[in-house]
Amino acid sequence: MSSIGQDPDAVPGERMRGRRRPLRGGPVGIGQKPFRQPRRIFPPVELVSADRLEAIHDASLTILEEIGMDFLHEEAKAILRQAGATVDPASDRVRFDRGMIVEAIKTCPSEFKLHARNPAHDIRFGGNWLAFGEIGECAELHRHGSRPASRQPAGFP
């Protein structure tokens, strides 16, 4: 007598390995449509009002100006110093003048292209283009429960 899901010809106590019968018509692959990048057809949803967005922007400028960011790469700190940022020689901290950031934002393009090895797979960002992609770090974060760090902060056990 056989149970549901078991092979009636199987020897009791022996594990079944692979399929006993070949699939009809051979293996069937999953068809893939040709690559194309989708475009947004509806206007974006405004999640915050214009004045709230300006408040967020102003807060980010304050953080960059008063707190700054740490840069570990000496050449990067030299480039930022040359561009007008304040580099603390006693630490890795770099602070940015508010005007410097505003001027840098003005030079950013409204659209740009990320080039793939195959030019047919280039991805555009900005405008009404939509971009989806994989991020490998999230899997590491999920698997290990914390992000693998290349350097421990001072005073961290």
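These notes cover the structure that comes with them. (Residues numbered from 1 in each chain as written. Predicted model: local features only at pLDDT ≥ 70, side-chain atom pairs only at ≥ 80, totals over all residues. Heavy atoms only, no water.)

**Describing the overall build of the protein**
Scanning the protein from N- to C-terminus turns up 4 helices and 5 strands. Listing every helix and strand of the protein by position from the N terminus yields α-β-α-β-β-α-β-β-α. Every one of the 157 residues in the protein was classed for burial, and the buried ones make up 10%. If you take every contact in the protein between residues at least 6 apart in sequence, the share linking residues at least 24 apart comes to 43%. Working note: accessible area of the protein is about 14300 Å², and carbon and sulfur atoms make up 57% of it. (Helix = DSSP H or I, 4+ residues; strand = E, 2+ residues; numbered from the N terminus. Buried < 20%, exposed > 50% of the residue type's maximum accessible area, 1.4 Å probe, protein only. Contact = heavy atoms within 4.5 Å. Areas by Shrake-Rupley, 256 points an atom, 1.4 Å probe, with all protein chains shown as cover.)

**Quick notes on the side chain of Lys77**
Assignment of secondary structure puts Lys77 in helix H2 (residues 74–83). For Lys77, the residues in contact, after removing those within four places along its chain, are Phe71, Val87, Ser91, Asp92 and Val94.

**Description of the packing of aromatic side chains**
Applying the stated criterion across every chain yields a total of 2 aromatic pairs. Note on Phe112 and Phe125: the rings are 5.1 Å apart at their centroids and 15 degrees apart in plane angle, and the pair reads as stacked. Residue Phe112 is located in strand S4 (residues 111–114), and its partner Phe125 is located in strand S5 (residues 123–126); the two are separated by 13 residues in the primary sequence. Taking relative accessible area as the criterion, Phe112 reaches 44% and is therefore assigned partly exposed. (Phe/Tyr/Trp six-rings, centres within 6.5 Å; stacked < 30°, edge-to-face > 60°.)

**Quick notes on the nonpolar core**
Counting residues in each nonpolar core, the largest one holds 9 residues, listed as Leu61, Leu64, Leu80, Ala85, Val87, Val94, Phe96, Met100 and Ile101. Sequence-distant contacts of Ile101, that is, excluding residues within four places in its chain, are made with Leu61, Leu64 and Phe96. (Core = buried A, V, L, I, M, F, W, Y, C linked by side-chain atoms within 4.5 Å.)

**Focus on the environment of Ile67**
Turning to its location among the elements, Ile67 is positioned in the loop between helix H1 (50–66) and strand S1 (69–70). Taking the C-alpha atoms as reference, Ile67 lies 8.4 Å from Val94; in sequence the two are 27 residues apart. Other than its neighbours up to four places away in sequence, Ile67 contacts Thr62, Arg93 and Arg95.

**Some points on a nonpolar patch on the surface**
A cluster of nonpolar side chains, namely Val45, Leu47, Val48, Leu53 and Ile56, defines an oily patch on the protein surface of about 550 Å² accessible area. Here Val45 shows up in the segment before H1. Owing to a relative accessible area of 68%, Val45 belongs among the exposed residues under this scheme. (Patch = residues over 30% accessible without salt bridge, like charges linked within 9 Å, V, L, I, M, F, W, Y side chains within 5 Å. Salt bridge = Lys/Arg side-chain N within 4 Å of Asp/Glu carboxyl O.)

Take it as geometry only, folks, not as evidence of what the structure does.
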